[in-house]
Amino acid sequence: MISVEHLTKRYGPHTAVNDVSFRCEPGTVTGFLGPNGAGKSTTMRMITGLTPPTGGTATVDGMPYRRLPNPGRRVGVLLDASAQHPGRTGRETLSLAAQVMGVDRGRVDKLLDLVGLDAKAGRKRVRQYSLGMRQRLGLAHALLGDPRVLILDEPANGLDPEGIFWMRTVLRDFADRGGTVLLSSHLLREVEAVADRLVVIGGGRVVADGTKDELLAGSGIRVRALEPEKLEWALTTAGVTTTRTADGAFVAQADAETVGRTAAAADLVLLELRPADGGGLEQLFLELTTNGAAKEAAR
Ligand SMILES: Nc1ncnc2c1ncn2[C@@H]1O[C@H](COP(=O)(O)OP(=O)(O)OP(=O)(O)O)[C@@H](O)[C@H]1O
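Rules behind the numbers
Residues numbered from 1 in each chain as written. Predicted model: local features only at pLDDT ≥ 70, side-chain atom pairs only at ≥ 80, totals over all residues. Domains from an automatic or database assignment. Core = buried A, V, L, I, M, F, W, Y, C linked by C-beta atoms within 7 Å. Buried ≥ 20, exposed ≤ 12 C-beta atoms within 10 Å, placed from the backbone. Helix = DSSP H or I, 4+ residues; strand = E, 2+ residues; numbered from the N terminus. Contact = placed C-beta atoms within 7 Å. Arc of directions from axis to C-beta. Near = placed C-beta within 6 Å. Nonpolar A, V, L, I, M, F, W, Y, C, P; charged D, E, K, R; others polar. Pairing = 2+ DSSP bridges. Axes fitted to C-alpha atoms, helices over the stretch in contact; angles between N-to-C directions. Left-handed = near helix turned anticlockwise from the far one by under 90°. Parallel < 35°, antiparallel > 145°, perpendicular 65-115°, else oblique. Expected span 1.5 Å × (residues − 1).

K.L.:
Talk me through the domain arrangement of the protein; I want residue IDs and the actual numbers.
P.N.:
Taken as a whole, the protein is organised into domain 1 (2-214) and domain 2 (220-275). Centre-to-centre separation of domain 1 and domain 2, based on C-alpha positions: 40 Å.

K.L.:
So, the nonpolar core: which residues are in play, and what are the values?
P.N.:
Of all hydrophobic cores here, the largest spans 61 residues; its most connected members are Ala140 and Ile151. If you tally residues by element for this core, the top one is helix H5 (residues 131-143), at six residues. With residues up to four places along the chain from it excluded, the contact list for Ile151 reads Met44, Ile47, Thr48, Val75, Val77 and Leu182. Ranked by size, the runner-up nonpolar core spans 14 residues in total, among them Val223, Leu235, Phe250 and Ala263.

K.L.:
Can you explain the environment of Glu154? Please cite residues and give values.
P.N.:
Mapping Glu154 onto the fold places it in the loop between strand S6 (149-153) and helix H6 (161-176). For Glu154 and Leu79, which are 75 residues apart along the polypeptide, the C-alpha to C-alpha distance reads 7.7 Å. Setting aside residues up to four positions removed in sequence, Glu154 forms contacts with Ser184 and Ser185.

K.L.:
Provide a residue-level description of helix H3 (residues 106-114), including the pertinent values.
P.N.:
What H3 keeps buried is the set Arg107, Val108, Leu111 and Leu112. When H3 is viewed along its axis, its buried side chains cluster within an angular range of 135° and face the same direction. Exposed and oriented more than 90 degrees from the buried face of H3 are Gly106 and Lys110. Here the buried face of H3 lies against helix H2 (90-101), helix H4 (119-123) and H5. Two residues or fewer past H3, Gly116 is found with a positive phi of approximately 80°.

K.L.:
Help me get a handle on the site of the ligand, residues and values and all.
P.N.:
Close to the ligand lie Tyr11, His14, Ala16, Gly34, Asn36, Gly37, Ala38, Gly39, Lys40, Ser41, Thr42 and His186, which account for all nearby residues. At three residues, helix H1 (residues 40-47) tops the list of elements feeding residues into the shell around the ligand. Considering only residue class, the shell around the ligand consists of three nonpolar, eight polar and one charged.

K.L.:
Can you tell me about the sheet that holds strand S11 (residues 242-244), naming the residues and giving the values?
P.N.:
On the basis of which strands lie adjacent, the open sheet formed by four strands has the order S11-S12-S10-S13 and antiparallel pairing. The open sheet terminates on both sides in strands that have one partner only, identified here as S11 and strand S13 (270-275). Sheet twist, expressed as the average angle between the axes of neighbouring strands with direction ignored, equals 20°. Relative to strand S12 (residues 250-252), S11 runs antiparallel, the two sharing three bridges. Pairing of Thr242 across the sheet is with Ala252, part of S12. Where helix H9 (residues 228-237) meets the sheet, it contacts strand S10 (221-225), S11 and S12, and its direction lies at approximately 15° from that of S12.

K.L.:
Explain the packing of H9 against helix H10 (residues 256-265) to me, and be specific about the residues and the numbers.
P.N.:
Interhelical geometry of H9 versus H10 gives an angle of 115° and a closest axis separation of 9 Å. Note on packing geometry: the crossing formed by H9 with H10 is right-handed. Here Leu231, Ala234 and Leu235 of H9 come into contact with H10, specifically with Val259, Thr262 and Ala263. Residues of the contact of H9 with H10, tallied by class, amount to five nonpolar, one polar and no charged.

K.L.:
Any chance you could break down the pairing of strand S5 (residues 75-78) for me, citing the residues and the numbers?
P.N.:
Every second residue of S5 is oriented toward a common face, with Val75 and Val77 on one face and Gly76 and Leu78 on the other, all of them buried. Here four bridges tie S5 to S6, and the two strands are oriented parallel to one another. Residue pairing in the sheet places Gly76 in a bridge with Leu150 of S6.

K.L.:
For the sheet that holds S5, give the residues involved together with the corresponding values.
P.N.:
In spatial order, the strands read S5-S6-S7-S3-S8-S9; together these six strands make up an open sheet with mixed pairing. For this open sheet the edge positions go to S5 and strand S9 (205-211), each flanked by a neighbour on one side alone. Adjacent strand axes in the sheet meet at a mean angle of 15° when their direction is disregarded. Sheet topology places S6 next to strand S7 (residues 180-185); five bridges connect them, and they run parallel. Its bridge partner lying in S7, Ile151 is registered against Leu182.

K.L.:
Lay out the packing of H2 against H3 with the relevant residues and their values.
P.N.:
Two elements in contact, H2 and H3, have axes whose closest approach is 9 Å; the angle formed by their N-to-C orientations is 135°. As the angle between them shows, H2 and H3 are arranged oblique. Of the two elements, H2 crosses H3, and the hand of that crossing is right-handed. Contacts from Gly90, Arg91, Leu94, Ser95 and Ala98 of H2 reach H3 at Arg107, Val108, Leu111 and Leu112. A per-class count over the contact of H2 with H3 returns five nonpolar, two polar and two charged.

K.L.:
Can you explain H6? Please cite residues and give values.
P.N.:
Helix length check: H6 (16 residues) gives 22 Å between terminal C-alpha atoms against 22 Å at 1.5 Å per residue, within 8%. Considered for burial, the residues of H6 that qualify are Ile164, Met167, Leu171, Phe174 and Ala175. Projected down its long axis, H6 carries its buried residues within an arc of 95°, all on one side. Projecting away from the buried face of H6 at angles above 90 degrees are the exposed residues Glu162, Thr169, Asp173 and Asp176. Buried residues in H6 make contact with strand S3 (28-33), S6, S7 and helix H7 (188-192). Positive phi appears at Gly178, one or two residues downstream of H6, with a value of about 100°.

Rendered as structure tokens:
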């Protein structure tokens, strides 16, 4: 569990992080979203004890990070994939970390394998690694101590689409086994597929915090059927408010399952069922961050 309460960081007159509070529960992936400069890295650096906060507290499993004994066994951290020593090989990087953490050296090969770095890549010096390979090595390093919590800053940067898919699978699996994941990104699509919860930050402030479903609720579901009139009738009868769009689809104020089940019960063939245009998470993200920045500017 990660608990952030009223974290604030000021650099001179500039407030980088302003009274930020949120929680990350075991068994969940929390997407920490915001545009560049929103305050994600600063918040993560405060959680991991690298930047002292101006105010507020952050704890991991009830304790400030800096007070955790052998923190690598409790929390896996990947804040900057380029920070690894360029002169060491990937394998040496992990072997050294294993020694420091008191982890069985056998885990090094297991983790290189898990993150898709083969024996040849393991023997290469980190300076020869692409950013994607550094991210993979960084994730292996974070997982080395078999922690229950992962804190990852933009881990998908530099990964190709296959790498992003692979990373999602690893993180989902980690959370499904009871782990806690905090994962930042400035790209909504990157975390949308894996996160259970979203914390959106804009101008140093939390502008939205909730489950992905909660944040999507109210945006509506765009649905199109072979027989639009029958669909409208079925949805209205089921108590779902609908609005017809210019192209014969409907925006239904209900979740996708309710809309899908209602259509199925009426034997209707659906041609489309997805978050409504203009109400999708992307739009929400844009609106929230723009509003957040605007409010900030008006202060
Ligand atoms: N050491 C520092 N000194 C002064 N200002 C800083 C420092 N670190 C961060 N900032 C400022 O704090 C704000 C938040 O930066 P931060 O790096 O946390 O944002 P971010 O959301 O992680 O964005 P990015 O993805 O671009 O790193 C920015 O305005 C940044 O310029």
